[in-house]
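# Descriptive structure summary
Take a look at the letters that make up each chain.
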There are 2 protein chains.
Amino acid sequence: MRIGELAEHAGLTVKTIRFYEQAGVLPEPERRPSGYRDYDDSAVARLRFVKAAQAAGLSLAEIREVIAVRDRNGPPCRHVTDLLNAHAADLDRRIAELTALRDEVRRLRDRADGLDPAGCEDAAVCHVIPTDQASCVQRSADAVAGSPRVERPIGVRR
Amino acid sequence: MRIGELAEHAGLTVKTIRFYEQAGVLPEPERRPSGYRDYDDSAVARLRFVKAAQAAGLSLAEIREVIAVRDRNGPPCRHVTDLLNAHAADLDRRIAELTALRDEVRRLRDRADGLDPAGCEDAAVCHVIPTDQASCVQRSADAVAGSPRVERPIGVRR
DNA sequence: GTAAAGCTTCCCCTGCGGTGGAAGGTCAAG
DNA sequence: CTTGACCTTCCACCGCAGGGGAAGCTTTAC
């Protein structure tokens, strides 16, 4: 089948499929004499895997790595479960961060109800956002203590 | 004071300060005859506000907007509390999404313990990641139902 | 006088997952 | 024979918050 048909089967755009090939998560297909790409059913299965892995929070780079492990060493299940473990831990960290941030944002908003709008000073722009260290959530300390990997928002695509 | 000194006071790099000026969250300072930027103390206060607002999850574009509101309409507190409300709601959504994803990831990992690595089929790459619709967390439905704004990971910078 | 540090503007690069468009080739129907 | 749909490659761009480095001034310290 040609790329447009594959795109329709997979629920992706033609652009995305070429992008996946270039990203190394979809093997280069045969070509017709015209130069058109020519796919078989395994491409559909592969794209399903890619979508499922993305839904599980894996990046294209990780998916490519999983595929490479499979090609070299056989079933990559161990590798995949390691990835899943790491992602679950990352998600726990990220959820904790966002929860702390949300609580701080709510606290600021609630505090704002008791403030006089006229009390804003020029330099500070708006006293709803307090600029003293003590009242701010400790983001810098978190960032330093946090692992160097993963600033990426895991999962959550459109 | 010159830009390097301001950077040290604010705990930022010289690059970042020039970037903030260009981004519209720090006003253009006076220049010395040499062309060097010359800041006064209000720049320090402004940068403190920018950092605090960032820590509260506001983007530079939003911070610029808050500053613009203040310049046009006086105290922007109402605008700021509206932003905080919107961010709190965004964070709630995001936390819910990440929590659902984390649960799904854990479920996949736990399910993997009962699988035989030899059972992986070629096209599917690895059966730890099931490619059938039913077992996948419903990300596409979320994305469609979700608000069009904010894919950005709010807060959480390094 | 000269070296080092600091400053200026300028443009490009990062990650991530794509999207948009231009210029051109191919194929089927009418 | 032409129109339109489909395909090809290539290059550039999106958001976000900066970082890297070049080429060329200015200021400071010795």
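How each quantity is defined
Residues numbered from 1 in each chain as written. Chains lettered and ligands numbered in written order. Predicted model: local features only at pLDDT ≥ 70, side-chain atom pairs only at ≥ 80, totals over all residues. Heavy atoms only, no water. Near = heavy atom within 4 Å. Polar contact = N/O pair within 3.5 Å; in protein donor to acceptor, adjacent residues only side chain to side chain. Helix = DSSP H or I, 4+ residues; strand = E, 2+ residues; numbered from the N terminus. Buried < 20%, exposed > 50% of the residue type's maximum accessible area, 1.4 Å probe, protein only. Contact = heavy atoms within 4.5 Å. Axes fitted to C-alpha atoms, helices over the stretch in contact; angles between N-to-C directions. Parallel < 35°, antiparallel > 145°, perpendicular 65-115°, else oblique. Nonpolar A, V, L, I, M, F, W, Y, C, P; charged D, E, K, R; others polar. Salt bridge = Lys/Arg side-chain N within 4 Å of Asp/Glu carboxyl O. Left-handed = near helix turned anticlockwise from the far one by under 90°.

Before going further, it helps to examine the protein's contact with DNA strand C. Surveying the vicinity of DNA strand C reveals 21 residues, the closest of which are Lys15, Thr16 and Tyr36 of chain A together with Arg18 and Tyr36 of chain B. The sugar-phosphate share of atoms of DNA strand C within 4 Å of the protein amounts to 65%. A distance of 2.8 Å separates a phosphate oxygen of DNA strand C from a polar backbone atom of Gly4 of chain B. The element contributing the most residues to the surface near DNA strand C is helix H2 (residues 14-23) of chain A, with four residues.

Residue and element names in this part refer to chain B. The topology assignment puts Leu47 in helix H3 (residues 41-55). Given a relative accessible area of 1%, Leu47 falls into the buried group. Taking the C-alpha atoms as reference points, Leu47 and Ala7, separated by 40 residues in sequence, lie 9.5 Å from one another. Apart from the residues within four sequence positions on either side, Leu47 is in contact with Leu6, Ala10, Leu12, Ile17, Tyr20 and Leu26.

So, about the packing of helix H1 (residues 3-10) of chain B against helix H2 (residues 14-23) of chain B. Residues and elements named next belong to chain B. Direction vectors running N to C along H1 and H2 enclose 100 degrees, while the axes themselves pass 8 Å from each other. One finds that H1 runs roughly perpendicular with respect to H2. Where H1 abuts H2, its residues Ile3, Gly4, Leu6 and Ala7 lie against Val14, Ile17 and Arg18. Class assignment of the residues belonging to the contact of H1 with H2 gives a composition of five nonpolar, one polar and one charged.

Enumeration according to the criterion identifies 20 salt bridges over all chains in this entry. One salt bridge in this structure joins Asp92 of chain A and Arg102 of chain B, with 2.9 Å as the shortest N-O distance. Placement of Asp92 of chain A in helix H5 (residues 77-112) and of Arg102 of chain B in helix H5 (residues 77-112) is noted, with the two residues assigned to different chains. Since its relative accessible area comes to 30%, Asp92 of chain A is described here as partly exposed. Linked by salt bridges that have partners in common, Asp92 of chain A together with Arg102, Asp103 and Arg106 of chain B make up one network.

Moving on: the packing of helix H3 (residues 41-55) of chain A against helix H4 (residues 60-73) of chain A. All names here are of chain A. In contact at an axis separation of 10 Å, H3 and H4 are set at 130 degrees when each is read in the N-to-C sense. In this view, H3 runs oblique relative to H4, as classed from their interaxial angle. Note on packing geometry: the crossing formed by H3 with H4 is right-handed. Facing H3, whose interface residues are Arg46, Phe49, Val50, Ala53 and Gln54, H4 presents Leu60, Ile63, Val66 and Ile67. For the contact of H3 with H4, the per-class residue count stands at seven nonpolar, one polar and one charged.

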